[in-house]
Amino acid sequence: MTQSKKTGVIGFPVDHSTSPIIHNHWIKENNIDAVNYEKINIDPKHFEKGVRDLIEGGMSGLNVTVPLKELAFSFAEELTDVSKQTGAVNTLTFKEGTVFGDNTDVVGFQRSLDPEVVDQNINNKNCLVLGAGGAARAVICAIHNLGGRVYICNRTLEKAQQIQRFFQVESEVVDQKDLGDVVGEMNFIVNTTSLGLGNTNNTMIDFIKVDRGAFVYDLIYNPKLTSFLSEAQKRNIQHQNGIKMLVEQAAESFSIWHNILPKNSELLMNKLEGL
Ligand code: ATR
């Protein structure tokens, strides 16, 4: 008899994660033989032991969130090209005694974009990425795949430079103090920093200088309209939050584990937006 699949998300802390709502919705909708998708806190100091214990307990797949994505990358025995490109893993699969690592954030970000936006604001256009953490790596990789010219700006300049070296694709680092000089040339601006979460405001950009035809994206989805997006909205600049990316990266992980690419239904969006 085959065992019901066991999946979940690990992070530290992981309590804020909405992944269980998404995965459990699709497990039910697609009649998958799987137990409830769970949230599990794993202290980075005991990452390996924590994950090995879960594998022994019958876990077949794990999503990985902050701050464990780089540790998951080192832990995986077989890596996809995209996870090698980003140096981060957000999806672990345990199969036939091997640990497989993938990064579905890249395809998640790509699929979250309207083809028109890709055409008009990304392909062959100037794309500014704010931040240089794990999320920035996935976004840079996606923009590069979509033919955009990448500009990276981060509070800590060296981290932006490190990413630039790591990727070995053409990109430019913008010093935060020079941002005002270049922001008007940008066709796509994406916030990957944590500024805008909780009570923080993202004031990295002076929106008066942003081109009206630009597209502004914030990876944050809670709150739905961050101060960053609200500045764009005030100036009638097209914008979007991170909810679609969240669902699309989850869909790709789900398909890796269950061989079904689930649909992003209105019912699911309502569940998520009602949180
Ligand atoms: P994630 O994996 O979600 O990207 P992370 O790796 O911790 O998380 O990265 C957080 C990003 O938000 C970094 O670019 C960080 O800038 P630093 O490299 O200078 O730390 C950025 N960030 C966090 N708090 C910030 C703040 N108050 N002002 C500006 N940038 C901030």
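In what follows, the structure referred to is the one given above.
Everything in this summary refers to the structure shown in the same document. Within each chain, residue numbers correspond to sequence positions counted from 1 in written order. Note on the predicted model: pLDDT of at least 70 is required for a residue's local features to be given, and 80 or more for side-chain atom pairs to be given and counted; whole-chain, interface and lining totals, by contrast, use all residues. As a rule here, side-chain values come from all non-hydrogen atoms in the structure, and water together with hydrogens is ignored.

Moving on, we come to the packing of aromatic side chains. In this scheme Phe, Tyr and Trp rings, the latter by its six-membered ring, pair at centre separations within 6.5 Å, and the angle between planes marks the pair as stacked below 30 degrees, edge-to-face above 60, and tilted otherwise. If you walk through the whole model with that rule in mind, you get eight aromatic pairs. Where F188 meets F215, the ring centres are 6.0 Å apart and the plane angle is 10°; that geometry is what we call stacked. Of this pair, F188 sits in strand β10 (residues 188–191) while F215 sits in strand β11 (residues 215–218); the two residues are 27 residues apart in sequence, bridging distant segments of the chain. Burial classes: relative accessible area under 20% of the type maximum marks a residue as buried, over 50% as exposed, and values in between as partly exposed (1.4 Å probe, protein chains only). When its relative accessible area of 4% is taken as the criterion, F215 is described as buried. Residue classification places F188 among the buried residues on the basis of a relative accessible area of 0%. Here the aromatic cluster, defined as three or more aromatic residues joined through ring pairs, consists of F109, F188, F215 and Y217. Only when the NZ of Lys or the CZ of Arg is both within 6 Å of the ring centre and within 35 degrees of the ring normal is a charge said to sit over the ring. Positioned over the ring face of F100 is K95, at 5.3 Å from the centre of the ring. Over the ring of F166 we find R137; its NZ or CZ atom is 4.5 Å from the centre of that ring. Helix and strand labels come from DSSP, where a helix needs a run of H or I of at least four residues and a strand needs a run of E of at least two; each type is numbered from the N terminus.

Below, the discussion takes up the nonpolar core. The tendency in soluble globular proteins is for nonpolar side chains to be buried as a group. Grouping buried Ala, Val, Leu, Ile, Met, Phe, Trp, Tyr and Cys residues that are joined through side-chain atoms within 4.5 Å yields what is termed a nonpolar core. F109, L113, V129, I143, F188, V190 and Y217 are the most contacted members of the largest nonpolar core, which totals 30 residues. If you list the elements that add at least two residues to this core, you get α5 (105–111), α6 (115–122), β7 (126–130), α7 (134–145), β8 (149–153), α8 (157–167), β10 and β11. Sort the elements by how many residues they give to this core and α7 lands first, with seven residues. Two residues form a contact once any of their heavy atoms are found within 4.5 Å. Once residues lying within four places of it in the same chain are set aside, the contact partners of V190 are F109, L128, V129, L130, V139, I143, Y217 and L219. The next biggest cluster of nonpolar side chains, apart from the first, holds 19 residues, and it includes L130, M186, F228 and I237.

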